[in-house]
Amino acid sequence: MQSPPISAKLSSTMDDIDTRIVDALRADGRASITAVAEAAHVSRANAYARVSRLVETGVITGFTAKVDPRLSGRASSAYVTMRVEQADWHDLRERLRGIPEVEHFALVGGDFDVILLVRARDNEDLRRVVLEELTSIPSVRDTKTSLVFEDHDLR
């Protein structure tokens, strides 16, 4: 009998306190351990131990800054969907990681295979990314681009 995937093992070890800790850190990745402990209603030592465990087990994968794309020089954004040769996914994944304007991508099921969030300096730069960089990848069969007029980060 095969053992359950590691993600199933980890999710079963998350309790309400871990959830409150993760929520506090998602709201403010720079929060002090004292602030996290207060938000989770536990001691500072308990919060520190739990954050360490959450990092070690891969539940917390890093700490980042939220950046306003417009103020940081990325005023043009679009969601790009692609139909691709799925057998070439591993190579495609590495190619997408190498394009700085690709902020996020996911392999999905449905009418298309991959969805990307692309943030570029302006529409000309966005055009370059989509029509030159993405379509030049051999496994990309076609793309569709939806411009973002306004976006909101809920976390």
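Whatever comes next refers back to the structure up there.
Numbering of residues starts from 1 in every chain and runs along the sequence as written. For this predicted model, a pLDDT threshold of at least 70 governs which residues receive local features, and a threshold of 80 or more governs which side-chain atom pairs are given and counted, while totals over whole chains, interfaces and linings are taken from all residues. Side-chain calculation: all heavy atoms of the structure are included, whereas hydrogens and water are not.

*Asks:* Could you give me a rundown of the nonpolar core, with the residues and numbers involved?
*Replies:* For soluble globular proteins, the rule of thumb is that nonpolar side chains tend to be buried together. Here the nonpolar core consists of buried residues drawn from Ala, Val, Leu, Ile, Met, Phe, Trp, Tyr and Cys, with membership extended through side-chain atoms lying within 4.5 Å. We call a residue buried when its accessible area falls under 20% of the maximum for its residue type, exposed when it is over 50%, and partly exposed in between, using a 1.4 Å probe and counting protein chains only. With 19 residues, the main nonpolar core has Met82, Leu92, Leu96, Val114, Leu116 and Leu134 as its most contacted residues. Elements with a contribution of two residues or more to this core: strand 1 (76-84), helix 5 (89-97), strand 3 (114-120) and helix 6 (123-134). Ile17, Ile21, Ala37 and Val51 belong to the second-largest nonpolar core, a separate cluster that totals 12 residues. The helix count covers DSSP runs of H or I at least four residues long, the strand count covers runs of E at least two residues long, and both are numbered beginning at the N terminus.

*Asks:* Provide a residue-level description of the sheet that holds strand 4 (residues 140-148), including the pertinent values.
*Replies:* Strands pair, by our definition, only if DSSP identifies at least two bridges between them. The sheet built from four strands is open, its strands ordered 2-3-1-4 with antiparallel pairing. Bordering the open sheet on either side are strand 2 (102-107) and strand 4, each of which pairs with just one other strand. Between one strand axis and the next, the sheet turns by 20 degrees as a mean value, whatever way the strands run. Where strand 2 lies against strand 3, five bridges are found, and the strand directions are antiparallel. If you follow Phe105 over to strand 3, its bridge partner there is Leu116. Against the sheet, helix 6 contacts strand 1, strand 3 and strand 4, and its axis sits at roughly 15 degrees relative to strand 1. Lines fitted to C-alpha atoms define the axes here, with helix axes fitted over just the stretch in contact, and angles between the N-to-C directions of these axes take values from 0 to 180 degrees. What makes two residues a contact is simply this: any of their non-hydrogen atoms within 4.5 Å.

*Asks:* Help me get a handle on unusual backbone geometry, residues and values and all.
*Replies:* Within the chain, His41 stands out as a residue other than glycine whose phi angle is a positive 60 degrees. Positionally, His41 belongs in the loop between helix 3 (33-40) and helix 4 (44-56). A relative accessible area of 64% means that His41 is categorised as exposed.

*Asks:* Tell me about the packing of helix 3 against helix 4, and name the residues and values.
*Replies:* Helices that pack against each other are described as a pair by the angle of their axes relative to one another and the distance between those axes. Two elements in contact, helix 3 and helix 4, have axes separated by 8 Å at closest approach and are oriented at 100 degrees. What the angle tells us is that helix 3 and helix 4 run roughly perpendicular. Within the contact between the two elements, helix 3 uses Ile33, Thr34, Val36 and Ala37 and helix 4 uses Arg44, Ala47, Tyr48 and Val51. Each residue gets one label: Ala, Val, Leu, Ile, Met, Phe, Trp, Tyr, Cys and Pro are nonpolar, Asp, Glu, Lys and Arg are charged, and the others, such as Gly, are polar. Grouping the constituent residues of the contact of helix 3 with helix 4 by class yields six nonpolar, one polar and one charged. The cut-offs work like this: below 35 degrees is roughly parallel, past 145 is roughly antiparallel, 65 to 115 is roughly perpendicular, and the gaps in between are oblique.

*Asks:* Which residues make up the side chain of Thr81, and what are the values?
*Replies:* By the secondary structure assignment, Thr81 is in strand 1. Not counting chain neighbours up to four residues away, the residues in contact with Thr81 comprise Phe112, Val114, Ile115, Asp142, Thr143 and Lys144.

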